[in-house]
Amino acid sequence: MYKCSYIIDFLKKQYILSLCCVNNDNLWCANCFYKFNEKNMSLWLMTKLDTKHGLYISQNSNVSGTINNHEKNIFLIKGIQYKGFISILSGMTKKKALFDYYKRYPISRIFNSPIWSIRLDEIKMTDNTISFGRKILWYRNKI
């Protein structure tokens with residue numbers, strides 16, 4: 001699996017993602033804190049099953065979303081659009097993810113929520129700091 005250092009560095013620094021999901025004809029988006037897992041090119045997040053997005057992703061695991069640096073200066077904007085597959089973690093993977101997530105977000109220990117993993121399959125990054133409108137593409141499985 002090819003990894004792009006621009007994308008990895010960006011994902012390590014950010015902390016909020018938008019999560020877009022669908023159930024039949026119903027669409028929903030949510031903002032969630034995340035922890036980037038570089039080894040597997042995935043994003044770990046916590047959310048309850050009884051939220052609207054929790055219900056949707058438990059029915060349809062295909063998700064998309066965005067992550068950006070919240071920059072006002074157009075020449076400093078960086079952001080990604082992603083597509084992936086979300087699932088609840090279990091076993092040793094769950095323990096490792098919770099350890100890393102709690103380390104980054106200590107307050108999350110008080111919430112009794114499952115930890116999920118978004119396996120990133122496709123990323124389109126815009127990085128205006130390289131050149132205006134610069135796009136960097138990444139695919140888990142190159143076509």
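Parameters and conventions
- Note that residues are indexed from 1 along each chain, following the sequence as it is written.
- Selection of residues for local features in this predicted model requires a pLDDT of at least 70, selection of side-chain atom pairs for listing and counting requires 80 or more, and totals for whole chains, interfaces and linings are taken over all residues.
- Each side-chain value is worked out from all heavy atoms of the structure, with water and hydrogens disregarded.
- Helix and strand assignments follow DSSP, with helices taken as H or I runs no shorter than four residues and strands as E runs no shorter than two, numbered in order from the N terminus.
- Two things to know: the radius of gyration comes from C-alpha atoms, and the globule rule equals 2.2 Å times the number of residues to the power 0.38.
- Think of it in three bands: residues with accessible area under 20% of the maximum for their type are buried, residues over 50% are exposed, and the middle band is partly exposed, with areas taken using a 1.4 Å probe on protein chains only.
- For this analysis, residues touch if any pair of their heavy atoms sits within 4.5 Å.
- When charges are tallied, Lys and Arg are placed among the positive residues and Asp and Glu among the negative ones, while His and the ends of the chain are skipped.
- The atom standing in for a charge is NZ when the residue is Lys, CZ when it is Arg, CG when it is Asp and CD when it is Glu.
- Relevant arc is that of directions from the helix axis to the C-beta atoms, nothing else.
- Patches here: salt-bridge-free residues with over 30% relative accessible area, like charges joined within 9 Å, nonpolar side chains (Val, Leu, Ile, Met, Phe, Trp, Tyr) joined within 5 Å.
- All accessible-area figures derive from a Shrake-Rupley calculation using a 1.4 Å probe, and residue coverage is judged against the displayed protein chains alone.
- Salt-bridge detection follows one rule: a side-chain nitrogen of Lys or Arg within 4 Å of a carboxyl oxygen of Asp or Glu.
- Using a 1 Å grid laid over the protein atoms alone, points where a 1.4 Å probe fits but cannot get out form a cavity; open sets with protein on both sides within 12 Å along at least 5 of 7 lines form a pocket; any residue with an atom within 4 Å of a point counts as lining.
- Grid points are joined across faces, edges and corners, and a volume is the space filled by probe spheres set on the points.
- Each residue gets one of three labels, nonpolar for Ala, Val, Leu, Ile, Met, Phe, Trp, Tyr, Cys and Pro, charged for Asp, Glu, Lys and Arg, and polar for the others, Gly among them.

Participant: Let's hear about the overall build of the chain: which residues, and what values?
Facilitator: The helix and strand tally for the chain stands at three helices and eight strands. Ordered by position in the sequence, the α and β elements of the chain form the string α-β-β-β-β-α-β-β-α-β-β. Expected size for 143 residues packed as a compact globule is a radius of gyration near 15 Å; at 15 Å, the chain falls within 12% of this value. By principal-axis analysis of the C-alpha atoms, the chain measures approximately 45 × 35 × 35 Å. When burial is assessed residue by residue, the chain has 40% of its 143 residues classed as buried. Summarising the internal contacts of the chain: among those between residues at least 6 apart in sequence, 67% fall at separations of at least 24. Here the chain carries 22 positive and 9 negative side-chain charges, and the mean point of each set is 5 Å from the other.

Participant: Tell me about unusual backbone geometry, residues and numbers included.
Facilitator: Look at Asn24: it is not a glycine, yet its phi comes out positive at around 60°. With respect to the helices and strands, Asn24 occurs in the loop between β1 (16-23) and β2 (26-33).

Participant: So what's going on with helix α2 (residues 52-59)? Residues and values would help.
Facilitator: When α2 is considered as a whole, its buried residues turn out to be His53, Gly54, Tyr56 and Ile57. Within α2, the buried residues cover an arc of 165° as seen down the axis, which keeps them to one side. Packing partners of the buried residues in α2 comprise β1, β2, β5 (62-68), β6 (78-88) and β7 (115-127).

Participant: So what's going on with a nonpolar patch on the surface? Which residues, and what values?
Facilitator: A surface patch of nonpolar side chains, about 340 Å² in accessible area, is lined by Ile74, Phe75 and Phe132. Relative to the helices and strands, Phe75 is located in the loop between β5 and β6.

Participant: Could you give an account of the pattern of salt bridges, naming the residues involved and the relevant values?
Facilitator: Applying the stated criterion to the full structure yields five salt bridges. Between Asp100 and Lys96 there is a salt bridge, with the nearest N and O atoms lying 2.6 Å from each other. Of the two residues, Asp100 and Lys96 are both situated in helix α3 (residues 91-104); the distance of four residues between them amounts to about one turn of the helix. A relative accessible area of 46% places Lys96 in the partly exposed class. Salt bridges linked by common partners bring Arg119, Asp121 and Arg140 together as one network.

Participant: An account of the layout of surface pockets is requested, with residue identities and associated values reported.
Facilitator: One water molecule sets the probe size; rolling that probe over the atoms shows where empty space is left. For the largest pocket, the calculated volume is near 250 Å³. Along the wall of the largest pocket there are 13 residues; nearest its centre are Cys32, Phe33, Met46, Tyr101 and Phe111. For the lining of the largest pocket, the residue count by class is eight nonpolar, five polar and no charged.

Participant: I'd like a rundown of helix α1 (residues 5-13), residues and numbers included.
Facilitator: Those residues of α1 lying buried are Ile7, Ile8, Phe10 and Leu11. Along α1, the residues classed as buried sweep out an arc of 165° about the axis, all on the same side. Against the buried residues of α1 lie β3 (35-37), β4 (42-46), β5, β6, β7 and β8 (135-139).

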